Amino acid sequence: MAKQRQDNTAGLDGIAASLRQTAGRGPAPVERWNPPFCGDLDIRIAADGTWYYLGSPIGRAPLVRLFASVLKREGDRYFLVTPVEKIGIVVEDAPFLAVEMLREDTVSGPRLHFRTNVDDWIVCGPEHPLRFEPEHHSGGVKPYIHVRRDLWAKVTRALFFDLVELGVERDLGGQRMFGIASAGSFFPLTRAEVLRDLS
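Since we're looking at a predicted model, the values are computed, not measured. (Residues numbered from 1 in each chain as written. Predicted model: local features only at pLDDT ≥ 70, side-chain atom pairs only at ≥ 80, totals over all residues. Heavy atoms only, no water.)

Caption draft 1: Expanded view of the environment of Leu 130. Note that Leu 130 resides in strand β10 (residues 130–135). Among all residues touching Leu 130, those that are not within four sequence positions of it are Cys 124, Tyr 144, Ile 145, Val 155, Leu 163, Ile 180 and Phe 187. (Helix = DSSP H or I, 4+ residues; strand = E, 2+ residues; numbered from the N terminus. Contact = heavy atoms within 4.5 Å.)

Caption draft 2: Spatial organisation of the pattern of salt bridges. The tally for this structure, following the rule as stated, stands at 20 salt bridges. We note a salt bridge from Arg 149 to Glu 31, for which the minimum N-O separation is 3.3 Å. Taken together, the residues Arg 149 in the loop between β11 (140–148) and β12 (151–155) and Glu 31 in the loop between α1 (12–20) and β1 (37–45) connect sequence positions 118 residues apart. According to the relative accessible area criterion, Arg 149 is partly exposed, its value standing at 27%. Its relative accessible area of 44% is what places Glu 31 among the partly exposed residues. (Salt bridge = Lys/Arg side-chain N within 4 Å of Asp/Glu carboxyl O. Buried < 20%, exposed > 50% of the residue type's maximum accessible area, 1.4 Å probe, protein only.)

Caption draft 3: Layout of the sheet that holds strand β7 (residues 96–106). Strand order in the open sheet formed by six strands is β9-β8-β7-β12-β11-β10, and the pairing between neighbours is mixed. Strands with a single pairing partner mark the edges of an open sheet, and in this sheet they are β9 (121–123) and β10. Strand after strand, the sheet turns through a mean of 40° between neighbouring axes, direction not considered. Inspection of the sheet shows β7 paired to strand β8 (residues 109–116) by eight bridges, in the antiparallel sense. Looking across to β8, one finds that Asp 105 is bridged to Pro 110. (Pairing = 2+ DSSP bridges. Axes fitted to C-alpha atoms, helices over the stretch in contact; angles between N-to-C directions.)

Caption draft 4: Broad picture of helix α3 (residues 157–165). Within α3, burial applies to Leu 159, Phe 160 and Leu 163. Along the long axis of α3, the arc covered by the buried residues comes to 105°, so they all point the same way. Of the residues in α3, the exposed ones pointing more than 90 degrees away from the buried face are Arg 157, Ala 158, Phe 161 and Glu 165. (Arc of directions from axis to C-beta.)

Caption draft 5: Looking closely at unusual backbone geometry. Phi at Leu 54 is positive, roughly 50°, even though this residue is not glycine. Accessibility expressed as a relative area gives 45% for Leu 54, which makes it partly exposed.

Caption draft 6: Region of the structure containing the side chain of His 128. Counting through the fold element by element, His 128 comes out in the loop between β9 and β10. A polar side-chain atom of His 128 sits 3.2 Å from the main-chain carbonyl oxygen of Val 147. Apart from residues lying up to four places away in sequence, His 128 is in contact with Ile 122, Val 123, Ile 145, His 146 and Val 147. (Polar contact = N/O pair within 3.5 Å; in protein donor to acceptor, adjacent residues only side chain to side chain.)

As structure tokens, then:
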């Protein structure tokens, strides 16, 4: 097990002060930073998108946005990264939630805009695809949208229902599929016949 970072007790303000020295507005270029690993910090992003520090929710939204701006994923692990240190944290599911969706109708088709719980806006399409993962305990699926650098946002259940309402059928690989169209891309959810059997 990785060592616990020794200055945990310094508090969130000390951690934030260190991050602010390198983080500007918007996401930091963490993909260009490869600092040494400095241990794990007791920060956890719960499945509902809540950030915790030492078991208590982080209630300050600007602080959460600051941490999110220096978040990096390597394999199945997540880190807060600056040019001089890399600190491990725990992510239960996805690091972000998609909490709002706006549909824009254009001459070339619909464009779906998503807002995350840290106020990033992204347009679903080739650069920010949707994916659907099986939810084994319910038999359903969990939708995710790509945010940046292998970081994904889980689409909230309420928003997923709105998303399904916008679904269309397309022929894909010889099969009739039901899915979501946005910005010239089509993201299949299930075979169209499955939905017809349920209706």
